[in-house]
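# Report on the structure
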Amino acid sequence: YSQAFHPMLIQTARWGGVYAVSALVMATNAALAFALLRRSLKAIGFSLGSLTLTAIVSAGAFFQAHSRVSTTSVDSVVAVQPNVPMEGPDDSASMNQLLNRHLELSKQALANTMYGLGGSRLVVWPESPMNFSYSRDSQLRDAVGTFARTNHTAVLLNSLEPAPNSGEHNSAILVNEEGQKLAQYDKIRLMPFGEYVPLPQWIPGASSVRGIVGDFTPGSKYTLMPLGDLRAGVFICIEAAHPGIARSFVNEGADLLINISNDGYLGSTPVMRQHLSNAIFRAVENDRDVLRVTNSGISAYIDPSGRVRDSTPGFEPTVRVWTASGKHAGTTFYTRHGDVFAYLCALIS
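These remarks concern the structure in this document. (Residues numbered from 1 in each chain as written. Predicted model: local features only at pLDDT ≥ 70, side-chain atom pairs only at ≥ 80, totals over all residues. Heavy atoms only, no water.)

### A few points about the packing of aromatic side chains
For any pair of aromatic rings, the description rests on two quantities: the centre-to-centre distance and the angle between the ring planes. The following threshold applies: Two rings from Phe, Tyr or Trp (for Trp, the six-membered ring) form a pair when their centres sit within 6.5 Å of each other. Planes less than 30 degrees apart are called stacked, planes more than 60 degrees apart edge-to-face, and all others tilted. Starting at the N terminus, helices and strands are each numbered in turn, a helix being any DSSP run of H or I of at least four residues and a strand any DSSP run of E of at least two. Relative accessibility thresholds used throughout: buried, under 20% of the residue-type maximum; exposed, over 50%; partly exposed, between the two (1.4 Å probe, protein chains only). Only Lys NZ and Arg CZ are tested; either one counts as a charge over a ring when it is within 6 Å of the ring centre and within 35 degrees of the ring normal.
Going through the model one piece at a time under the given rule, you end up with 6 aromatic pairs. Centroid distance Tyr185 to Phe249: 5.1 Å. Interplanar angle 70°. Geometry classified as edge-to-face. Taken together, the residues Tyr185 in strand β5 (residues 181–186) and Phe249 in helix α5 (residues 243–251) connect sequence positions 64 residues apart. For the pair formed by Tyr185 and Phe249, the shared burial category is buried. Ring geometry for Tyr222 and Phe249: centres 5.3 Å apart, planes at 90°, overall edge-to-face. Of this pair, Tyr222 sits in the loop between β5 and β6 (224–227) while Phe249 sits in helix α5, placing them 27 residues apart in sequence. Taking relative accessible area as the criterion, Tyr222 reaches 25% and is therefore assigned partly exposed. Relative accessible area serves as the criterion here: at 0%, Phe249 is assigned to the buried category. Aromatic rings pair up to connect Tyr185, Tyr222 and Phe249 into one cluster. Arg273 extends its terminal NZ or CZ atom over the ring of Phe5, reaching a point 3.7 Å from the ring centre.

Here's what the structure looks like:
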């Protein structure tokens, strides 16, 4: 992940994921160290050969990334960064004020957008500490439905949804232009100790330990969101750090990836940028655009080559308007086969 912001150096991720990039970093450093330690013509020749091979592999991956076939399915996407505070009053008046902030930012951005070639628009709200509950809150349903119908746009939002056995799902809900719920994805990979406690129940006292945010039930289905001619896979927060989530969405047929997240709890720390680097690799590994929409930053459009475009500053309300498209030539080796390179390295070791 240290190389995430150098697109030319990370294209091998489409073959072997982050492990392939790690292997090239290690090979480069080992070759230089070998030459410096041995200080012989043979060692220098061997090191130059290793460095040349590394350069050829990196260049080959880079040029393959720029030879993809383009499709022409396009939608206008409004990314809303509301900057909801992590702590504050949770009375109904404050909640209504924050909901209105989401709606007003969305309206302002939509006023400057045109209909896409597919004739559809999408507003994306991030994962939020507000605990929206679409299925339980009739006022929220009415507000979102009215907004969608009035502005002729679909809305993707985060919601606290009921799960079996009185549980809770951390979910992404898609509301269509008619104001009707169209699809729901329930977060599969939860945050350890934040959203669930990874302790076996037979450990004394395990049942008394609670998640910091809450105790959620993981989902099990990779539900795609229909966006005009496109289908999007939406992964939530820490799922960006799990390559298998994005891979599974693409293998299910996702043309586009959307990452909604709330990184406000991290404060103004380097972790915000590190979390962005996770999403960058998911784009390269699967040759898909990734739209990253966060509560307090860093929101950004990431193209399939890992270039970060139109990123937002941290901790201020803002919006971005992007054109989302399905530009790809099928699936990558990594999408189809996952971490087979890492398994092979382990076997060799």
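The discussion continues.
### Considering the sheet that holds strand β8 (residues 256–261)
As a reminder of what qualifies: Being paired, for any two strands, means DSSP has found at least two bridges between them. Residues are treated as being in contact if the distance between any of their heavy atoms lies within 4.5 Å. Simply put, an axis is a line fit to the C-alpha atoms, just over the touching stretch for a helix, and the angle between two N-to-C directions goes from 0 to 180 degrees.
Taken in spatial order, the 6 strands make up an open sheet running β6-β7-β8-β9-β10-β11, and their pairing is mixed. Two strands bound the open sheet, and with one partner strand each, they are β6 and β11 (308–309). Here strand β7 (residues 230–236) pairs with β8 via 5 bridges, running parallel. In the strand pairing of β8, Gly233 is matched with Leu257. Against the sheet, helix α6 (residues 271–286) contacts β7, β8, β9 (290–294), β10 (300–302) and β11, and its axis sits at roughly 160° relative to β9.

### A word on a nonpolar patch on the surface
So the rule is basically this: Patches in this entry comprise residues that are over 30% relatively accessible and not in a salt bridge; like charges within 9 Å are linked, as are nonpolar side chains (Val, Leu, Ile, Met, Phe, Trp, Tyr) within 5 Å. Here the Shrake-Rupley method, with its probe set to 1.4 Å, supplies the accessible areas, and only the displayed protein chains count as covering residues. Salt bridges, as used here, are contacts in which a Lys or Arg side-chain nitrogen is within 4 Å of a carboxyl oxygen on Asp or Glu.
Residues Trp15, Phe333, Val340 and Tyr343 make up a contiguous nonpolar surface patch of about 390 Å² in total accessible area. With respect to the helices and strands, the residue Trp15 is situated in helix α1 (residues 13–38).

### Concerning α5
Along α5, the residues classified as buried are Pro243, Ile245, Ala246, Arg247, Phe249 and Val250. Of the residues one or two after α5, Gly253 is the one with positive phi, at around 120°.

### Observations concerning the pattern of salt bridges
Per the counting criterion, the structure on display carries 9 salt bridges. Glu168 serves as the salt-bridge partner of Arg136, at 2.9 Å between the closest nitrogen and oxygen. With a gap of 32 residues between them, Arg136 in the loop between β2 (121–124) and α4 (138–151) and Glu168 in strand β4 (residues 167–175) connect regions that are remote in the sequence. Its salt-bridge partner being Asp263, residue Arg292 comes within 2.5 Å of it at the nearest N-O pair.

Scope: geometric values only; no functional claims are made or implied.
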